[in-house]
Every structure is written in C-alpha cells, then in structure tokens.
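# Overview (structure and organization)
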Amino acid sequence: MVFLGQVIAWFLNPAHWTGSHGVPTRVLEHLQISGIAVGAALVIALPIGIALGHWGRGGLLAINVSNVGRALPSFGILVIAFEVFGLNNTPVLVALTLLAIPPVVTNSFIAVRDVDPELRDAARGMGMRERRVLFEVELPLALPLIMAGIRTAAVQVVATATLAALIAGGGLGRYILDGLGQRDDVQVFAGAALVALLAMAVELAFSGLEQIVTPRGIKGNPVGRMAVGVVEPRLF
Amino acid sequence: MRSFKFQAFLMTILGLSLIASACGTSGGGSPSTTTKETLTFAGFNFSESTILMDIYGKALEAKGYKINYKANLGSREVVEPALASGQIDFYPGYAATDLEFINKGKGEATGDPQATTAKLNTYLSAIGAKALDPSPALDANAFAVTKATAAKYSLTKLSDLAPVAGRMVLGGPPECATRPYCQPGLKSVYGANFKDFKALDADGPLTRAALSGGQVDIALVFSSDGDLDSRGYVVLDDDKHLEAADNVVPIIRTKVLNSEITSIFNKISAALNTTDLRAMNKSAGIDHVDPDTLAATWLKQHGFTS
C-alpha cells in the first residue's frame, strides 16, 4: 500500500508533468511513433489485403506470410535496424510497422473475401463494374472487420512502442527503462501504468470509430458485430 | 485427415527439438574432481566489467570452483542489492563509486585507493560482504566531447563547462542523472547546469552514436576506454578532482570467502593495471574480441592458468 501511495505521489508531482521529460511530452512522443507506424502499415497492408480478398486469390500466401511476420521478434528487428539506420526513429518505426502489418492484412483479406457471394453476384448482375462492386458493395460490408484489424494493430503498436526507449528514443518506455537504471521502482510502475492506460484509451477510441463507420444497415448484423480481434483463418 | 495429424505431430516435434537445441549450453569448464563450492559471479552492463568478471571467475575455475556467470546484470542499482540479498556472490567493483553508492553520496571517497577501500569495507560488513585489496588499475568516470565541440566552446577541462553548459545536452546511462560522480557532481563541483539530459547506455554503442551524431554534446565515458582517440573524442580534464579513486576492487560475500580465494584475487588485482584495461577494452570495442577470450588470454599471460 505504501508503494501505491508513492506511485500516486509520483503522478501528483507537478514536476513530472512539465518539460521534455514530462508526461505530456512522453505521451505525445509515444503517440507520434505509434501513429506513424500504424499509418505506414495501413498504406502497405490495406491495399494488399483488400485486393487479394476481392480477387479471392493468393490469400493463403498472404496469410502465411502474415503469420510468419507475427513470429518476428520486434526487439530483434529493432537492434538490426539500429545497425542499419543509426540512432534515430527509423529503427523503431520499422519494427512497429512490421508488427502492425499482419493483423491488417489478415483481417482485410478475410473481411472482403467473406462478403456474401450472392451480394457480389447481384451487384455484377446489375451491371456494376469491378471497381464499383469493390467500393460500393464489398468495402462497406467488410468495414467492421477491417476496422477490427486496424484496432488490434493500433493497440499492439502502442503497447510495443516502449521499445523506442531501448535505443535512446522517447515515449513512455523512457520511464520504464530509466526507472530500471536508477532503481526507481515507482517510476517504472508509473511508466507501465501509463502505457496500459494509453493502450486502453486507443482500444476504446477505435471501438468508437468502428461504431461510427459501420453502415446502419448492417449494424444489427451478427457478422458485423462479431468483429472482435483478429480472425484466425482456417487453412485446411 | 490422418496424414494431416501426423504432419502436425512431426512439425511439433521438429519445432520443440529446435527450441531445445537452442537452449542447450556448451558444457565446458573444469572437471569436478573436487567438491568446491558453486559461486555466482555478476558484472555491470559494460564490456570491461564482463572482462573483469571473467578474469576473476576463470582463475577460480582453474582451481576447481564452479562459477555461474551473470554478465551484464545491470547498473550498480541492480547489482549491489543482488549481492546484499545473496543472489550473487561477487562482482568487480570500483572503490570510490561503490563507496559513494553504499553511503548514499556522503562524499567520503578520496584519491587514495587504500583509504577508500577501507572505508568501503566498514559499510560492506553490514551487508555481509568484503572488498579485497584494490588494484592499481583505475577506471573512473570521464566526460568526452567531439573535437569540433571542444573547438567550438574552447573546452580542455571540466571547469570550462560552467559558462556554456546551458547550451549543451549531456548524455549518459539513466543512472547518471542521480549519481554523485555524474550529472549532480558536475553541477555541484563545476557549476555545470546542462540544457537537457539524454539517457543512453553505460558507455556503449548508443553513447558513441549519440556523441558522434550530435544528439548529445558531451557524454559520460570511462577513463579506461580504448577507442576514444580513434573516434576523435576529447576527454575533458577533471581539474577539480570530482572523480576519485575508482580502482578495480573485487567485492565478495564473506560467507563464500576463504583464504585461497583471497590469495588468488589479491594476486590478480596486483597484476592488473590501467594499461591492460585499456588494451582489453580496445580489443573488445574495436576488434570485437569476445570478453571471455580476452580474460582467458590475460590469465594465461600472467601465469594464473596454464
């Protein structure tokens, strides 16, 4: 209980809320790194997942590559990228972007592929060209599951962006690492708590966003609301 | 579907055996013909400490002891409590910094290694440990800038920092912000108030990258480093003697100490000197020679092993 009191005192200390080592600065740094990584992952992963889902081909390859990507250790990638790119934000961005890609690819592929084939048929039967089928029929229906994939990626990235501190970067990982070096357990706990809170906040924000972008027509649809986490594809 | 299950079974076995082989240790060490104790040796998170830990450890292994090594355990904030709680038995300390750590910065360390070690022992006895004879080998904190920075601010000694520190960023390991021989010391002894502090590592690759790349203007290095000249760094002179007698000193728990260990360690400490440290650090830092190898070579050259 004494320890908890010390942690609360840490948060109440105004010195920890100002300056280049203060909580607002660190949170901003953390969100900045995470945001760029998720953004880069979306630019790479969304077109791939959606296109493959639309054509219904190459999905097995995409998903397997994705799964292998999930096994890559972010810490290892960080160190290798540091050797290549040096002491700046690029190594962290590389590691985090690679972390964010698999859930987005998998979810967007499954989401587009699993749109009811009868709907696709009907659209084509009405004379819609492929691009209209994709943008006006498939994507709106696939949106909830795609958003779930983005949400998963975002939360994972925010939780893992603490790695930046390992190569003298900023963000909330700084409190954890510096606290370990200075044997300041209160600082370590405060840093960990902040990361957890931030990850939860991101989860809630994206859940809200999911609700907003889901078309009203399929909101009551159980498939639309089953979009939680990442869908594990059946390979056999 | 039967063939699938069999394939899955094979894959699992393959995966598990890969993991198991990766976990396997490489035997090695002397044959246990005697029943000497097993000791746990630890070192700080920089290569010189690993080399020293290996030197003292391998000398005992040659006498039939079994040593568990925990290299790069962490900063002193991690290592000293581990010794006090008995989780490790030994670490290679530095007399002045260890004294100022355990006495919580009272300022009792001097430039005299014998007196400093004696004072250190008065505190160590309370946690069941002892520092043996200090070595002539010295490795103190030092502060380096690039040649360009030295020219820009006309820096040759630490006293030159006071007027310009407000424009400079200091880099060092995270604990530098709270250690008397680091940032607080620079402030109290030299009046140097830096613009900002950037946490890097303990005189490792991050420190060198940040100093050479300009992310910090001045960084903590160790006086026994072997690559400072080749990187174009200028070490500023400690003219007001902030840094004290940081001689290498073996610190060991009294419970595991015996006359044989005392005798061997004191002989090793006497044979070590700063030139040796610098040469080994250079090999480790620039030529990337394994600390293990460097330790074994040193012991052989000085007749502790055959």
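Let's shift gears to the overall build of chain A. Secondary structure summary: chain A contains 10 helices and 0 strands in total. Across chain A, helices and strands are ordered from the amino to the carboxyl terminus as α-α-α-α-α-α-α-α-α-α. Structurally, chain A occupies a C-alpha span of about 70 × 40 × 30 Å along its principal axes. When the 236 residues of chain A are sorted by exposure, 42% land in the buried category. Taking contacts inside chain A between residues at least 6 apart in sequence as the whole, the part at least 24 apart equals 74%.

Let us look at the sheet that holds strand β7 (residues 196-199) of chain B. All names here are of chain B. Pairing within the open sheet is mixed, and its 5 strands lie in the order β7-β6-β8-β5-β9. The open sheet has two edge strands, β7 and β9 (233-235), and neither has a second partner. Across this sheet, the average inter-strand angle for adjacent strands is 35°, counted without regard to direction. This element, helix α8 (residues 205-213), spans β5 (141-146), β6 (169-172), β7, β8 (218-222) and β9 of the sheet and lies at about 145° to β8.

Our next topic: the interface of chain B and chain A. Counting from both sides, the interface comprises 18 residues of chain B and, opposite them, 12 residues of chain A. Elements represented by at least two residues in the side of chain B that touches chain A include exactly α3 (76-84), β7 and α8 of chain B. Classifying every residue of the side of chain B that touches chain A gives 10 nonpolar, 4 polar and 4 charged.

Quite often, the size of an interface is put as the accessible area lost when its parts meet. Residues and elements named next belong to chain B. Domain annotation for chain B reports domain 1 (38-138 + 245-301) and domain 2 (141-235). Across the boundary between the two partners, domain 1 contributes 18 residues, which contact 14 residues of domain 2. The residue makeup of the side of domain 1 that touches domain 2, split by class, is 6 nonpolar, 7 polar and 5 charged.

Attention now moves to the environment of E61 of chain B. Residues and elements named next belong to chain B. Within the secondary structure layout, E61 lies in helix α2 (residues 47-61). Take E61: there are 19 C-beta atoms within 10 Å of it, and that puts it in the partly exposed class. Separated by 25 residues in the primary sequence, E61 and K36 place their C-alpha atoms 9.8 Å from one another.

All names here are of chain B. Averaged over every residue, the pLDDT of chain B is 90; residues scoring 70 or more account for 94%. Across residues 25-33, confidence stays below pLDDT 50; counting only partners more than four residues off in sequence or on other chains, it has 7 contacts. Across the interfaces of the predicted complex, the ipTM metric reaches 0.74, alongside a pTM of 0.78.

A few words now on the pairing of β6 of chain B. All names here are of chain B. Judged from the 4 bridges that link them, β6 and β7 form a sheet pairing that is parallel. Residue pairing in the sheet places L170 in a bridge with F197 of β7. The parallel pair β6 and β7, bridged by helix α7 (residues 183-190), forms a crossover whose chirality is right-handed. Bridge analysis of β6 against β8 gives 2 bridges, and the strand direction is parallel. Each bridged residue has a counterpart across the sheet, and for G171 the counterpart in β8 is A219.

Glancing now at the nonpolar core. In this structure, A41, L96, A100, V104 and V157 of chain A together with A144 and A210 of chain B are the most contacted members of the largest nonpolar core, which totals 90 residues. At 14 residues, helix α5 (residues 90-113) of chain A tops the list of elements feeding residues into this core. Among all residues touching A41 of chain A, those that are not within four sequence positions of it are T97, A100, I101, V104 and A153 of chain A. Formed by 52 residues, the second largest nonpolar core is a distinct cluster that contains M53, A59, A109 and A129 of chain B.

What counts and how
- Residues numbered from 1 in each chain as written.
- Chains lettered and ligands numbered in written order.
- Predicted model: local features only at pLDDT ≥ 70, side-chain atom pairs only at ≥ 80, totals over all residues.
- Helix = DSSP H or I, 4+ residues; strand = E, 2+ residues; numbered from the N terminus.
- Buried ≥ 20, exposed ≤ 12 C-beta atoms within 10 Å, placed from the backbone.
- Contact = placed C-beta atoms within 7 Å.
- Pairing = 2+ DSSP bridges.
- Axes fitted to C-alpha atoms, helices over the stretch in contact; angles between N-to-C directions.
- Nonpolar A, V, L, I, M, F, W, Y, C, P; charged D, E, K, R; others polar.
- Domains from an automatic or database assignment.
- pLDDT = per-residue confidence, 0-100.
- Right-handed = clockwise from strand over helix to strand, strands pointing away.
- Core = buried A, V, L, I, M, F, W, Y, C linked by C-beta atoms within 7 Å.

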